[in-house]
Amino acid sequence: MEAIAQERRRFVGLDGFSLKVFALLVMTMDHLAAYLPAGAGIPAWFHLVGRFAAPLFVFLCAEGIFYTHSRRRYMLRLYIGWVLMTLGNYLVSLYFAHPDGVILTNGMFGTLLLVVLTVSSIESLRAGRRAQSARQIWLGIAGLAYLVVSAALQIGIYLGLTSLVDPVTGTLTDSALLPVAQRLAQATSLLLPNLVTVEGSFLFVALGVALYYLRRWRLAQIGALAVLCLIQLFAAPAEWLVDVFIFLTAVPMCLYNGKPGEKRHKSLFYWYYPAHVYAIYVLGYVLMVHLGVGW
């Protein structure tokens with residue numbers, strides 16, 4: 001009994017770096033199941049375990065906003081990651097096209113960027129009101145306006161593209177305008193991360209904002225996670241098991257000890273995320289196209 005008590009006293013929870021490594025591990029499992037052919041023998045439950053990754057990264061992002069020395073540099077790093085990975089997704093999917101039609105759509109950099117932008121804009125408004133600073137107030141308004149305008153622009157482009165196709169026959173109604181609309185859609189998706197197209201859409205952005213403002217109350221954070229799962233469950237009841245595993249992210253969240261942990265590897269996520277996605281996707285291409293592994 002004494003040994004058990006001592007062991008309990010020694011356990012001080014998991015720091016941010018430990019949670020990040022865990023999130024990278026389960027994310028890798030998810031992508032192995034997503035981009036390798038069925039003949040490779042990857043278990044389907046890898047997808048379920050991978051549901052831990054996105055909410056954990058959003059949780060760590062909310063913590064990162066609190067600990068970072070510069071939110072502007074934080075957003076710049078995420079934006080550069082978004083642009084490079086969006087471009088990389090297009091090129092890798094183009095030159096290593098999977099026979100099963102699976103393409104790369106990973107865009108967590110954009111989700112995290114919008115979380116930081118939303119929080120920074122709100123905090124700028126609050127600070128501006130306290131200090132009576134018009135500059136801070138306008139910066140906050142500009143940030144929130146970007147969220148609305150970029151989403152509206154993306155929706156408008158989508159509606160414009162669909163209007164160019166006859167819903168009955170499926171034929172183009174204006175072949176001359178289609179290339180222009182497609183280039184505009186590609187440019188905006190590359191340069192303007194928005195609440196519609198980022199990974200997890202506005203729901204995960206809202207979750208990140210809620211986790212930041214509830215960071216002192218772990219039970220309230222778990223409640224915010226539960227609300228996200230209930231909304232997704234209502235929208236897609238057949239995917240209930242996915243929502244269960246997303247909610248189980250509450251377990252590692254509760255083990256978090258509030259400390260950032262190892263700082264020497266803070267860039268780990270920025271390079272590992274795209275590197276492992278492209279490596280696994282290209283490996284899947286080789287297995288299917290050159291080695292004949294069934295999909």
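This text gives an overview of the structure that appears in the document.

Criteria and thresholds
- Residues numbered from 1 in each chain as written.
- Predicted model: local features only at pLDDT ≥ 70, side-chain atom pairs only at ≥ 80, totals over all residues.
- Heavy atoms only, no water.
- Salt bridge = Lys/Arg side-chain N within 4 Å of Asp/Glu carboxyl O.
- Helix = DSSP H or I, 4+ residues; strand = E, 2+ residues; numbered from the N terminus.
- Buried < 20%, exposed > 50% of the residue type's maximum accessible area, 1.4 Å probe, protein only.
- Axes fitted to C-alpha atoms, helices over the stretch in contact; angles between N-to-C directions.
- Parallel < 35°, antiparallel > 145°, perpendicular 65-115°, else oblique.
- Left-handed = near helix turned anticlockwise from the far one by under 90°.
- Contact = heavy atoms within 4.5 Å.
- Nonpolar A, V, L, I, M, F, W, Y, C, P; charged D, E, K, R; others polar.
- Disulfide = S-S within 2.5 Å.
- Lys, Arg positive; Asp, Glu negative; His and termini not counted.
- Expected span 1.5 Å × (residues − 1).

## Some details on the pattern of salt bridges
Here is step 1 of the chain: All told, the structure shown has three salt bridges when counted by the stated rule.
Here is step 2 of the chain: Residues Arg126 and Glu123 are paired through a salt bridge, measuring 3.1 Å at the closest nitrogen-oxygen approach. With Arg126 and Glu123 both in helix H6 (residues 108-131), this residue pair falls three residues apart, about one helical turn.
Here is step 3 of the chain: The exposure class of Arg126 is partly exposed, given its relative accessible area of 41%.

## Remarks on the packing of H6 against helix H7 (residues 134-163)
Here is step 1 of the chain: In the contact formed by H6 and H7, the axes pass within 7 Å of each other and the chain directions differ by 150°. Overall, the two elements H6 and H7 adopt an arrangement that is roughly antiparallel. Here H6 runs over H7; the crossing is left-handed. Together, Leu114, Leu117, Thr118, Ser121, Ile122, Ser124, Leu125, Ala127, Gly128, Arg129 and Ala131 of H6 and Gln136, Ile137, Leu139, Gly140, Ile141, Gly143, Leu144, Tyr146 and Leu147 of H7 make up the contact between the two elements.
Here is step 2 of the chain: Here the residues of the contact of H6 with H7 are counted per class, giving 12 nonpolar, seven polar and one charged.

## Brief notes about the environment of Leu203
Here is step 1 of the chain: Take Leu203: it is sitting in helix H9 (residues 201-213).
Here is step 2 of the chain: Each C-alpha atom, one on Leu203 and one on Ala134, is 31 Å from the other, the two residues being 69 residues apart in sequence.

## Overview of the state of the cysteines
When the sulfur atoms of two cysteines share a covalent bond, that bond is a disulfide.
Here is step 1 of the chain: Applying the stated criterion across every chain yields a total of zero disulfides.
Here is step 2 of the chain: Here Cys229 stays unpaired: no disulfide links it, and the sulfur of Cys254, its closest cysteine neighbor, is 14 Å away.

## Comments concerning the side chain of Asp243
Here is step 1 of the chain: If you trace the backbone, Asp243 turns up in helix H11 (residues 240-247).
Here is step 2 of the chain: Buried charged residue Asp243 carries no salt bridge. Nearest counter-charge: Arg51, at 9.1 Å.
Here is step 3 of the chain: Once residues lying within four places of it in the same chain are set aside, the contact partners of Asp243 are Cys229, Gln232 and Leu233.

## Points about H7
Here is step 1 of the chain: Its 30 residues give H7 an end-to-end C-alpha distance of 42 Å, which sits within 8% of 44 Å, the value for a rise of 1.5 Å per residue.
Here is step 2 of the chain: Looking only at H7, the buried set comprises Gly140, Gly143, Leu147, Ser150, Ala151, Gln154 and Ile157.

## Focus: helix H13 (residues 268-290)
Here is step 1 of the chain: Relative to the 33 Å expected for 23 residues at 1.5 Å per residue, H13 spans 32 Å between its end C-alpha atoms, a close match to the ideal helical length.
Here is step 2 of the chain: Looking one or two residues beyond H13, the residue adopting positive phi is Gly292, at roughly 70°.

## A look at the packing of helix H10 (residues 218-235) against H11
Here is step 1 of the chain: The contact between H10 and H11 brings their axes to 9 Å, and the two run at 170°. By the criterion of interaxial angle, the relationship of H10 to H11 is roughly antiparallel. Counted together, Ile222, Leu225, Ala226, Leu228, Cys229, Gln232 and Leu233 of H10 and Trp240, Asp243, Ile246 and Phe247 of H11 form the full contact between these two elements.
Here is step 2 of the chain: The residue makeup of the contact of H10 with H11, split by class, is nine nonpolar, one polar and one charged.

Limitation: the analysis is restricted to geometry and does not speak to function.
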